[in-house]
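Structure assessment
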Amino acid sequence: MRALPERCLLNNVVIVSVYLCFYVLSKHSIHLPYIYYIIFNIIILILSATYMRRDFGADIFKLRFTAVNITKQFSIGLSLAFLLSLFFILIASIFEDVSLFPPFSGLLDSSDIIFLVLLEIVVALAEEALFNYYLYDTLMLLLSRRYVLGSLVVAFVFSFSHWVLHGSIKQVLVAFVFRLFALLIRERFHEDNAFYICSSMHFFYNLMAYFLFSI
């Protein structure tokens, strides 16, 4: 069994500290600009990717740059996002608690849409790099590669972070299921570097949840 890298726990503390600073500021400020959230997630992405390389010798950005492979990665991600969205819509509809094509609080101009899409790209990359890779791999060593327990712990932490930010029990349940599904996808497609599959699934799902349905 591989030993936990020397600075791995400290690196996790660093990332958690960044998250805490973000939550404190976001809770005490309103109408923060998109650029604030973009910068925060870029920091999380850089830290997670850097620590992943240092501690586990893994390059999460590794990708075979062929048209076929890139198309395959994003097509799988889009398909999985659609299936996951359909699943949540069907479950929510049982309780009559779903809204298709929800209205927006204000009109979105072209710059808002550009920043929103850019934000969702960075959020998807950052959260997958942290939760699906660095935190998960850390827990695999701490928990002696108990996959089920490790997945449950990561899903709990991911859903808890959404509760702290949004304060919605429904979003906690959605986040918990989403993270378990994303971890399963990583294991299923690990040979093709599932980072891009999971990130594209995350990105497309977030857009669908924003523009197409609300639960």
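The model shown is predicted, which means the values in this text are computed figures rather than measured ones.

Points about the overall build of the protein
- The secondary structure content of the protein amounts to 7 helices and 2 strands.
- Sequence-ordered secondary structure for the protein, helices as α and strands as β, is α-α-α-β-α-α-α-α-β.
- Taking 2.2 N^0.38 as the reference for a compact globule, 215 residues should give roughly 17 Å; the C-alpha atoms of the protein span a radius of gyration of 17 Å, in line with that estimate.
- The principal-axis extents of the C-alpha atoms in the protein amount to approximately 50 × 40 × 35 Å.
- Relative to its full complement of 215 residues, the protein shows a buried share of 44%.
- Here the analysis covers contacts within the protein between residues at least 6 apart in sequence; of these, 77% occur between residues at least 24 apart.

Regarding a nonpolar patch on the surface
- Together, Phe-156, Val-157, Phe-160, Trp-163, Ile-169 and Leu-173 line one region of the surface with nonpolar side chains, adding up to about 620 Å² of accessible area.
- Top contributing element to the nonpolar patch by residue count: helix 5 (residues 147-166), with 4 residues.

Some details on the nonpolar core
- Formed by 54 residues in total, the largest nonpolar core has its most connected members in Ile-15 and Tyr-19.
- When contributions to this core are tallied by element, the ones reaching two or more residues are helix 1 (8-27), helix 2 (34-56), helix 3 (67-94), helix 4 (110-142), helix 5, helix 6 (169-188) and helix 7 (195-211).
- The dominant element in this core, judged by the number of residues it contributes, is helix 4, at 11 residues.
- If near-sequence neighbours (up to four positions away) are discounted, Ile-15 is found in contact with Ile-44, Leu-47, Ser-48, Tyr-51, Leu-130 and Tyr-134.

Some thoughts on unusual backbone geometry
- Of note, the phi angle at Ser-144 is positive, near 55 degrees, even though the residue is not glycine.
- Note on placement: Ser-144 falls in the loop between helix 4 and helix 5.
- For Arg-145, which is not glycine, the phi torsion reads 60 degrees and is therefore positive.
- Summarising the element assignment, Arg-145 is placed in the loop between helix 4 and helix 5.

Here we look at the pattern of salt bridges
- A complete count under the given rule lists 3 salt bridges for this structure.
- Between Arg-53 and Asp-59 there is a salt bridge, with its nearest N and O atoms 3.4 Å apart.

Topic: the side chain of Glu-127
- Assignment of secondary structure puts Glu-127 in helix 4.
- It turns out Glu-127 is buried and unbridged, and the closest side chain with the opposite charge, Arg-179, is 4.9 Å from it.
- In this structure Glu-127 touches Tyr-19, Asn-132, Phe-158, His-162, Arg-179 and His-202, once residues within four positions along its chain are discounted.

Some words on the packing of aromatic side chains
- One pass over the full model with this rule turns up 23 aromatic pairs.
- Considering the side-chain rings of Tyr-19 and Phe-131, the 6.3 Å spacing of their centres and the 65 degrees angle between planes classify their relative orientation as edge-to-face. Residue Tyr-19 is found in helix 1, and its partner Phe-131 is found in helix 4; the two are separated by 112 residues along the sequence.
- On the accessibility criterion, Phe-131 (4% relative accessible area) is buried.
- Arg-179 extends its terminal NZ or CZ atom over the ring of Phe-158, reaching a point 4.2 Å from the ring centre.

How each quantity is defined
Residues numbered from 1 in each chain as written. Predicted model: local features only at pLDDT ≥ 70, side-chain atom pairs only at ≥ 80, totals over all residues. Heavy atoms only, no water. Helix = DSSP H or I, 4+ residues; strand = E, 2+ residues; numbered from the N terminus. Rg over C-alpha atoms; globule rule 2.2 N^0.38 Å. Buried < 20%, exposed > 50% of the residue type's maximum accessible area, 1.4 Å probe, protein only. Contact = heavy atoms within 4.5 Å. Patch = residues over 30% accessible without salt bridge, like charges linked within 9 Å, V, L, I, M, F, W, Y side chains within 5 Å. Areas by Shrake-Rupley, 256 points an atom, 1.4 Å probe, with all protein chains shown as cover. Salt bridge = Lys/Arg side-chain N within 4 Å of Asp/Glu carboxyl O. Core = buried A, V, L, I, M, F, W, Y, C linked by side-chain atoms within 4.5 Å. Lys, Arg positive; Asp, Glu negative; His and termini not counted. Phe/Tyr/Trp six-rings, centres within 6.5 Å; stacked < 30°, edge-to-face > 60°. Lys NZ or Arg CZ within 6 Å of the ring centre and 35° of its normal.

Purely geometric stuff here, so don't read any function into it on its own.
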